[in-house]
Amino acid sequence: MKTATPLRGLAPGAAWNDALRRSLAISIAGFFLPNLLAEFGAVPQLHQSFHFLLGICGAAGACLASLALFIGHYHRKLIQGAALAGCALILPYMLTWFWFRLTHPSDSAGLLQLCGPTGVAAIVIYGALMWWHASQSNLTIEGLSTELNDDDYGMPASGWQQVTYRIFAFIGFILILLVFVAAVRSRN
């Protein structure tokens, strides 16, 4: 029976990828929990016309906070990881709230205007976490990027896995193409 390698036993690039995979799974709870709290009135909605906005902020915050905790665990820097996790959890919501107080978006506001602050916060936090991980691993960002690209976890190894992967990639490409064509036709 093959067992998983503990996070601390992995190379820095593989550890980042493993922590990110785990964080993406945790972000599902980060999406649903704030939405449930808002629907039952425990926390206020940020924008009345877009009820999933709290979930988007929560998913970004939960993913980045858990990533900070995993990376802090990897480097045995739990206090720094917890501090970064707290910032990563709160910053997307706070930045979006502040943006709404400044701009007062209308009910017909576009998705970019509503989710833009969360996206900017997520990109900045992700970059800061990557820089922190690289510096703790005594790597440059380029060296960490090389290790990230060399990690072949989940890549199909046998022939039937490669064929299955190609079939599903082709199906995904066709579905994306159909959605794009439908979007273009609906605009005309």
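These numbers come from a predicted model, not from an experiment.

A few points about the overall build of the protein chain
Thinking step 1. From N to C terminus, the protein chain includes six helices and zero strands.
Thinking step 2. In sequence order, the protein chain lays out its α and β elements as α-α-α-α-α-α.
Thinking step 3. Each of the three principal axes of the protein chain carries a C-alpha extent, and together these read 50 × 45 × 35 Å.
Thinking step 4. Taking all contacts inside the protein chain whose residues are at least 6 apart in sequence as the whole, residues at least 24 apart take part in 68%.

Description of the packing of aromatic side chains
Thinking step 1. Counted under the stated rule, the structure contains three aromatic pairs.
Thinking step 2. Between Phe-31 and Phe-32, the ring centres sit 5.2 Å apart and the planes meet at 85 degrees, which makes this aromatic pair edge-to-face.
Thinking step 3. Its relative accessible area of 24% is what places Phe-31 among the partly exposed residues.
Thinking step 4. The exposure class of Phe-32 is partly exposed, given its relative accessible area of 48%.
Thinking step 5. Centre to centre, the rings of Phe-31 and Phe-52 are 6.0 Å apart; their planes meet at 20 degrees, and the pair counts as stacked. With Phe-31 in helix 1 (residues 12-39) and Phe-52 in the loop between helix 1 and helix 2 (53-74), this residue pair connects regions lying 21 residues apart in the sequence.
Thinking step 6. An aromatic cluster is present here, built from Phe-31, Phe-32 and Phe-52 joined pairwise through their rings.

A few points about the environment of Ala-38
Thinking step 1. Turning to its location among the elements, Ala-38 is positioned in helix 1.
Thinking step 2. By relative accessible area, which is 9% here, Ala-38 ends up buried.
Thinking step 3. Sequence-wise, Ala-38 and Phe-52 are 14 residues apart; in three dimensions their C-alpha atoms are separated by 9.3 Å.

Notes on the environment of Phe-173
Thinking step 1. Structurally, the position occupied by Phe-173 is in helix 6 (residues 159-187).
Thinking step 2. When the C-alpha positions of Phe-173 and Ala-134 are compared, they lie 34 Å apart, and in sequence the two are 39 residues distant.

Let's talk about unusual backbone geometry
Thinking step 1. One non-glycine residue with positive phi stands out, namely His-104, at about 45 degrees.
Thinking step 2. Looking at where His-104 falls in the secondary structure, it is placed in the loop between helix 3 (78-103) and helix 4 (111-136).
Thinking step 3. Here His-104 falls in the exposed class, since its relative accessible area comes to 58%.
Thinking step 4. Positioned with a positive phi, Asn-138 is a non-glycine residue whose angle comes to about 60 degrees.
Thinking step 5. Asn-138 gets classed as exposed once you look at its relative accessible area, which sits at 71%.

A look at the state of the cysteines
Thinking step 1. The final tally for this structure, using the stated rule, is zero disulfides.
Thinking step 2. Unpaired in this structure, Cys-57 has its nearest cysteine sulfur neighbour in Cys-115, at a distance of 7.4 Å.
Thinking step 3. For Cys-57, a relative accessible area of 3% puts it in the buried group.
Thinking step 4. Looking at Cys-63, it has no disulfide partner, and the nearest cysteine sulfur is the one in Cys-57, 14 Å off.

Things to note about the confidence of the model for the protein chain
Thinking step 1. Residue-level pLDDT values for the protein chain average 87, and 95% of them are 70 or greater.
Thinking step 2. Helix 2 holds the highest mean pLDDT among the elements of the protein chain, 94, whereas helix 5 (residues 141-150) holds the lowest, 87.

A closer look at the packing of helix 1 against helix 2
Thinking step 1. Across the interface, helix 1 lies against helix 2 with an axial gap of 6 Å and an inter-helix angle of 145 degrees. Taken as a pair, helix 1 and helix 2 cross one another with a handedness that is right-handed.
Thinking step 2. Of the residues contributing to the contact of helix 1 with helix 2, the split by class is 19 nonpolar, seven polar and one charged.

Quick notes on the rules
- Residues numbered from 1 in each chain as written.
- Predicted model: local features only at pLDDT ≥ 70, side-chain atom pairs only at ≥ 80, totals over all residues.
- Heavy atoms only, no water.
- Helix = DSSP H or I, 4+ residues; strand = E, 2+ residues; numbered from the N terminus.
- Contact = heavy atoms within 4.5 Å.
- Phe/Tyr/Trp six-rings, centres within 6.5 Å; stacked < 30°, edge-to-face > 60°.
- Buried < 20%, exposed > 50% of the residue type's maximum accessible area, 1.4 Å probe, protein only.
- Disulfide = S-S within 2.5 Å.
- pLDDT = per-residue confidence, 0-100.
- Axes fitted to C-alpha atoms, helices over the stretch in contact; angles between N-to-C directions.
- Left-handed = near helix turned anticlockwise from the far one by under 90°.
- Nonpolar A, V, L, I, M, F, W, Y, C, P; charged D, E, K, R; others polar.

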